[in-house]
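Each chain, written out:
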Amino acid sequence: MRALFDRDETIFAVAWIVIYVVGFGNAGVLTDDVVTNYAVQVAVGVVMVVALGAFASKNGLLEYWGMCPLRGDARRFLWFVPLFVLMSENVWLGLGRGEDGALAMVLGIAAIGVMAPVLEELVLRVILYRALGHSNALRAFVVCSVTFGVGHIVNLLFGHDLARTLAQVCYALCIGFCLMSVLHAGRSIVPITLAHIEMNTLGFFAYQGEVGTVADYVTIAILCVGCIAYGIYVLRAHADERPLTSAPLEW
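Keep in mind the model is a prediction, meaning the values are calculated, not measured. (Residues numbered from 1 in each chain as written. Predicted model: local features only at pLDDT ≥ 70, side-chain atom pairs only at ≥ 80, totals over all residues. Heavy atoms only, no water.)

Engineer: Explanation requested: helix α2 (residues 9-27) in the structure shown.
Structural biologist: Counting along an α-helix, one turn takes 3.6 residues, and residues three or four places apart therefore face a common direction. When the terminal C-alpha atoms of α2 are compared, their 26 Å separation across 19 residues agrees well with the 27 Å that a helix rising 1.5 Å per residue should span. All of the buried residues along α2 are Glu9, Phe12, Ala13, Trp16, Ile17, Tyr20, Phe24, Gly25 and Ala27. In a view along the axis of α2, the buried residues occupy a sector of 150°, so they form one face of it. For α2, the secondary structure elements touched by its buried residues are α1 (2-7), α3 (34-58) and α5 (102-132). One side-chain oxygen of the residue at the start of α2 lies 3.0 Å from the amide nitrogen of Thr10, identifying that residue as Asp8. (Helix = DSSP H or I, 4+ residues; strand = E, 2+ residues; numbered from the N terminus. Expected span 1.5 Å × (residues − 1). Buried < 20%, exposed > 50% of the residue type's maximum accessible area, 1.4 Å probe, protein only. Arc of directions from axis to C-beta. Contact = heavy atoms within 4.5 Å. Polar contact = N/O pair within 3.5 Å; in protein donor to acceptor, adjacent residues only side chain to side chain.)

Engineer: Honestly, the side chain of Glu198 in this entry has me stumped. Any pointers?
Structural biologist: Tracing the backbone shows Glu198 in helix α8 (residues 190-202). Arg125 is the oppositely charged side chain nearest to the buried, salt-bridge-free Glu198, at an N-O distance of 13 Å. Here Glu198 is in contact with Phe84, Met87 and Ser88, once residues within four sequence places are set aside. (Lys, Arg positive; Asp, Glu negative; His and termini not counted. Salt bridge = Lys/Arg side-chain N within 4 Å of Asp/Glu carboxyl O.)

Engineer: So what exactly am I meant to see when it comes to the environment of Arg125 here?
Structural biologist: Positionally, Arg125 belongs in helix α5. Sequence separation of Arg125 and Phe141 is 16 residues, and the distance between their C-alpha atoms is 9.2 Å. Sequence-distant contacts of Arg125, defined by excluding residues within four places in its chain, comprise Glu120, Cys144, Phe148, Gly176, Leu179, Met180, Leu183 and Ile192.

Next up, the structure:
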């Protein structure tokens, strides 16, 4: 891996994105048994996280990839309260529970609630951001924000509802901007990964009605506006020490 990383960091990032989409994503649709699929996803996710963590530790990339505590004053992020409130969106319309059983719930939370956010923040956000940021930090910021949102369209390939997927793409774009703002300012994936874990995990306890009611659209609108507002606040609050410009990313 080191040879590829040294030769072209962007290709390294893209390679891991492909590994994540093909490996982790396809693990969720291997069989008709949801428990088996979740179990395989957990196993694949653990292998990927261990591999990337070991690689980062061995090559002195932990801080480079933001695998470290927040570097900044939490007060300037409003102690992340707005972020975690926004990421509780899945239960704003009420609670519910799937019908796959307790074991499926536990494995599902482990796979989708924990492993997926950890890998997505590491692979789809920070590794790609660092790779693209060598030439232009602003462009890298935009690409990583948009990629995270548009990337959710692949859920259609795994049988997800069209309306719910399109709504997810819409607010994922706004969430991507928000999380990128926190990453850019705080130089750590810890807060954004925890927020992402919160959102995905609460999804297992959310009301599973069809998208289309007024309440659904109001919820999505609040989430989108809130994410954009908080992201702008974070960028402005740190503009003096960490401006977002077209210059190479300094981290």
